[in-house]
Amino acid sequence: MDSSSDITNKPAEAMEHKESPNAEENHPEGEQAKQPESRSEGAATTSEQTNTPQEETEQPASKEPEEEDEAKLQEKLQTLKGDRIGETMYSERFVLSTILKLSKQGNRLLEEDEEFEQDLCNLWDMTIEPDVVRFLLEQEVIELFLALAAESEDFRLIEILFGIIGNMCCVEEMHDLFYRQSALLVTFCDFLSISDAPVLVQLMRTLTTLFDRSDDERFHWFGVMKRVDNLTEKLALILATSTNRALLEHTAETVNAMINRFTEAEVDYAQLNEFYRLFAKSCLLEGLFEAFKQLYPLTGRETEGTSGGFDEETLTLKDIKTMRRFLEIHEHFIVNANELYEAYVSEVDQCVHRVLCSFVKESVLFPVTKNHICIFVSISNIYSGIMYHFRAESFIYMVKIYDQLAEALKNPPPQEEPSSAAENNGTAMDEEDAADDGGEFDVETACAEVREAIFFLVGPIDEQIIRAAIQMGQLKESTFEQMCRELRETMDGEPLLYQTCAKLMNAVRSTGAEESDIPMQQSNSEEQ
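In what follows, the accompanying structure is described. What you see is a predicted model; the values in this text were computed from it and never measured.

## Topic: the environment of Asn122
Relative to the helices and strands, Asn122 resides in helix α5 (residues 114-126). Distance in space between the C-alpha atoms of Asn122 and Val95 is 9.6 Å, their sequence separation being 27 residues.

## A word on the nonpolar core
Core analysis: the biggest nonpolar cluster contains 157 residues, and Ile142, Phe162, Phe333, Phe395 and Leu405 have the highest contact counts within it. Broken down by element, this core gets its largest block of residues, 11 residues, from helix α21 (residues 392-410). Split by domain, this core shows at least three residues from each of two domains, domain 1 (84-213) and domain 2 (342-412 + 437-511). Residues in contact with Ile142, not counting those within four places in the same chain, are Leu137, Ile165, Met168, Met174, Leu177, Phe178 and Leu184.

## A few points about unusual backbone geometry
In this structure, Pro367 follows Phe366 across a cis peptide bond, with omega equal to -5°. Mapped onto the elements, Pro367 comes out in the loop between α19 (362-365) and α20 (370-385). Positive phi, close to 50°, is recorded for Asn230, a residue that is not glycine. Assignment of secondary structure puts Asn230 in the loop between α12 (222-225) and α13 (231-241). The class of Asn230 is exposed, set by a relative accessible area of 51%. Positioned with a positive phi, Gln474 is a non-glycine residue whose angle comes to about 50°. Here Gln474 lies in the loop between α25 (463-473) and α26 (477-490). For Gln474, a relative accessible area of 34% gives the class partly exposed.

## A closer look at the packing of helix α4 (residues 92-103) against helix α7 (residues 141-151)
As a packed pair, α4 and α7 sit with axes 11 Å apart at the nearest point and diverge in direction by 35°. By crossing handedness, the relation of α4 to α7 is classed as left-handed. For the pair α4 and α7, contact is made by Ile99, Leu102 and Ser103 and by Val141, Leu144, Phe145 and Leu148, respectively.

## A word on the packing of aromatic side chains
If you walk through the whole model with that rule in mind, you get 21 aromatic pairs. Each ring, one from Phe211 and one from Phe262, has its centre 5.5 Å from the other, and the planes form 70°; the classification is edge-to-face. Of the two residues, Phe211 sits in helix α11 (residues 197-213) while Phe262 sits in helix α14 (residues 245-265), which places them 51 residues apart along the sequence. For the pair formed by Phe211 and Phe262, the shared burial category is buried. When the centroid spacing of 6.2 Å and the interplanar angle of 70° are considered together, the rings of Phe262 and Phe275 count as edge-to-face. A residue pair is termed long-range when its members are at least 10 positions apart, and Phe262 in helix α14 and Phe275 in helix α15 (residues 269-279) qualify at 13 residues. Residue Phe275 is classed as buried on the basis of its relative accessible area of 0%. Through a chain of ring-to-ring contacts, three or more aromatic side chains come together here, namely Tyr179, Phe211, Phe219, Trp221, Phe222, Phe262, Phe275, Tyr276 and Phe279.

## Quick notes on the pattern of salt bridges
This model, assessed by the stated rule, comprises 24 salt bridges. In this structure, Asp131 engages Arg134 in a salt bridge whose closest nitrogen and oxygen atoms are separated by 3.5 Å. Residue Asp131 and its partner Arg134 are both found in helix α6 (residues 130-138); the two are separated by 3 residues, about one turn of the helix. With relative accessibility at 26%, the residue Asp131 sits in the partly exposed group. Close ionic contact of Arg218 with Asp176 constitutes a salt bridge, the shortest N to O distance being 3.1 Å. Of this pair, Arg218 sits in the loop between α11 and α12 while Asp176 is found in helix α9 (residues 172-180), placing the two residues 42 residues apart along the sequence. Take Arg218: its relative accessible area is 42%, and that puts it in the partly exposed class. Note on Asp176: relative accessible area 23%, which makes it partly exposed. Residues joined by salt bridges that share partners form a network here, namely Glu253, Lys321, Arg324, Arg325 and Glu328.

## Quick notes on α5
Compared with an ideal rise of 1.5 Å per residue, which puts 13 residues at 18 Å, α5 spans 18 Å between its outermost C-alpha atoms and is within 8% of the ideal. The buried fraction of α5 is high, at 10 of 13 residues. Regarding α5, the residues found buried are Phe116, Glu117, Asp119, Leu120, Cys121, Asn122, Leu123, Trp124, Asp125 and Met126.

The rules we used
- Residues numbered from 1 in each chain as written.
- Predicted model: local features only at pLDDT ≥ 70, side-chain atom pairs only at ≥ 80, totals over all residues.
- Heavy atoms only, no water.
- Helix = DSSP H or I, 4+ residues; strand = E, 2+ residues; numbered from the N terminus.
- Core = buried A, V, L, I, M, F, W, Y, C linked by side-chain atoms within 4.5 Å.
- Buried < 20%, exposed > 50% of the residue type's maximum accessible area, 1.4 Å probe, protein only.
- Domains from an automatic or database assignment.
- Contact = heavy atoms within 4.5 Å.
- Axes fitted to C-alpha atoms, helices over the stretch in contact; angles between N-to-C directions.
- Left-handed = near helix turned anticlockwise from the far one by under 90°.
- Phe/Tyr/Trp six-rings, centres within 6.5 Å; stacked < 30°, edge-to-face > 60°.
- Salt bridge = Lys/Arg side-chain N within 4 Å of Asp/Glu carboxyl O.
- Expected span 1.5 Å × (residues − 1).

Have a look at this one:
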């Protein structure tokens, strides 16, 4: 077996495996790998220069010594490059020997051969390089990987193989292979019924990368994925039963990527009915609701303005992005398959309420990012789709969020370091999250989206119910005056605009909310 020094010309200890390599990260070994080459170039030049004095006296003046040195150097470099994969410093011999040993693995467990496990982990790391991916495709490794995974009971081996496939999906040639030989992708998806969470995380990561990065014109994945047996049911079961946080997050990402891909990127109106027939199922909704409760539990103290059972100070940017994915999925189905939610209105409202419980806190609300904006847009569309459902606490939180955003517009906060909500858990947000986060967004945009969400929430609701909520939250008349003034400017032409604004102002003025001292816990039943 080749030693790990065969991987590159750099020291073996530089090849440390990352548990879940991200294909978008800059590989830490790249610059180090070039250093030995640089040193060898210097040594080669020095050696050749010390042997040239005698040649200088014998060669005609027309051929400079530097030209001969350059020719010899290029010849040596070509010799050294012979075992390298493309422009990388990785060794073809290492890759081929690792694949050969893998093909002979049989039923042996990786834990019985730690050196080989490390070699596979190194190969996993190497696949962030497109040249390495193309070299692996030339060796037809996908067929080998899937055949080994089908026969193996070693979940660690399958996890590494799927992790490698996931990295390879960052190269278009991999998309082309899965599309031309679609049976490979169908076989890959058959592993959705496996029980191991780390394996499923890599599987979900692969599917998400495939659907998010494929060319919209060349690849139409719905035609392939509809051949996967019980796809929706398998995804729903994972969401409903798993307690693994990473798996639930990645599964939500995958479902969201499928919806976006099959209904927007691959716009084919003839297939939309078939898509909703396959995906718009109650089992998927129930799985999404259960997964969301698992990730973001909420107990009985929400009416006191606390999150009740969930520490908001540990809410990360990854959490905000995951909340966004769940709400975007519900938003899509409510807008396009509204009848599916007739029996689940309270459940989706509970999800919205849980998000608002978090966002009412200043440390979570600011700084405003793309994820915040998308969440507010989703909430607005959800409320416009589930009319006649009103939760007083959610209304109160939305008004308080609007109040904070409006205040930030009047008095912009000083520039500060990222809030503790983004820094906790001791880890920085990875590059994928950072790119999707989109940086800070205009507070005015967020304010407008929250305003619109409030408009759709209260539109069909009776004035007395709104009055009771205003009393419960001790909300200020000045807040509603400003909100209605802005609504008249931004939503001019909306049929129920003036009627809704009048209803809001009548409700707040009849309560005398600014002067009253009504406790937060007062219920709707206490009002008339």
